[in-house]
Amino acid sequence: MISIMLRRFRHPYRNDRGDRSMIIAITFSLLILAISGWVAPVSAQSVSPYAGQEAREIKALSRNEIDDLSLGRGMGLAKPAELNRYPGPLHAFELASELQLSVEQRSGLKESEARMRAGAMALGAEILDLEHKLDVAYARRTIEPLRLRELTAQIGTRQGSLRAVHLQAHIETAGLLTSDQIARYDVLRGYRNPSPAAPSGHHLKQHR
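Residues numbered from 1 in each chain as written. Predicted model: local features only at pLDDT ≥ 70, side-chain atom pairs only at ≥ 80, totals over all residues. Heavy atoms only, no water.

**Considerations on the overall build of the protein chain**
Then comes step 1: Counting its secondary structure elements, the protein chain contains nine helices and zero strands.
Then comes step 2: Listed by position from the N terminus, the elements making up the protein chain come as α-α-α-α-α-α-α-α-α.
Then comes step 3: Across the 208 residues of the protein chain, 27% fall into the buried class.
Then comes step 4: Long-range pairs, those at least 24 residues apart, make up 75% of the contacts in the protein chain between residues at least 6 apart in sequence.
Then comes step 5: Here the protein chain has roughly 14200 Å² of accessible surface; of this, 58% comes from carbon and sulfur atoms. (Helix = DSSP H or I, 4+ residues; strand = E, 2+ residues; numbered from the N terminus. Buried < 20%, exposed > 50% of the residue type's maximum accessible area, 1.4 Å probe, protein only. Contact = heavy atoms within 4.5 Å. Areas by Shrake-Rupley, 256 points an atom, 1.4 Å probe, with all protein chains shown as cover.)

**Some thoughts on helix 9 (residues 179–188)**
Structural remark: α-helix, 3.6 residues per turn; residues separated by three or four positions point the same way.
Then comes step 1: Residues Gln181, Ile182, Ala183, Tyr185, Asp186 and Val187 constitute the buried set of helix 9.
Then comes step 2: Just past helix 9, the residue Gly190 takes up positive phi, approximately 85 degrees.

**Looking at the nonpolar core**
Then comes step 1: Core analysis: the largest hydrophobic core is formed by eleven residues, namely Ala92, Leu95, Ala96, Leu99, Leu101, Leu109, Ala174, Leu176, Leu177, Ile182 and Tyr185.
Then comes step 2: Elements with a minimum of two residues in this core: helix 6 (96–99), helix 8 (145–176) and helix 9.
Then comes step 3: In terms of nonpolar packing, the next biggest core, distinct from the first, is built from ten residues, Ile58, Leu69, Leu123 and Ile127 among them. (Core = buried A, V, L, I, M, F, W, Y, C linked by side-chain atoms within 4.5 Å.)

Shown next as structure tokens:
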């Protein structure tokens, strides 16, 4: 690139001081641009995506993740159920009118959701406590291999239990709904396309 620019400013019959000054100025400018273009990407790549997270209360968890664990939210833990025709109690209850839920079904869903929420909040609190202990041990530089294995094993066990609590609630919900209600739930949630209009007089099956 530089050699091309230099050739453009050379003239077979002119080689005065002005030409040389121009060539030097252009060469210097091109070098500066080349160096800048090389250094900038390197600097950008050296910044960690974790930058700013060092100020977190618990380094491994965002504020939203802490809130999710504290409040017993689903966090996508029950996707194997939700996406395989096992509705969740909260969303099924929210769609009570569309699903034509009976009084008994609504009551059962509320009870299931309450059990799920209580269990999830209890486990969430334990996970947060263990994550805090792990974070503090590293922050104080007192972590040791044995303690590390203990804490991570305890966190893993509770994370598994938390997922089971959410998945269990979906099993309970599927047991409270009819097959037609489950199919309608999937349509309303966007998991499947509506089936062709049913013949006149067709209604949702009664709760089994």
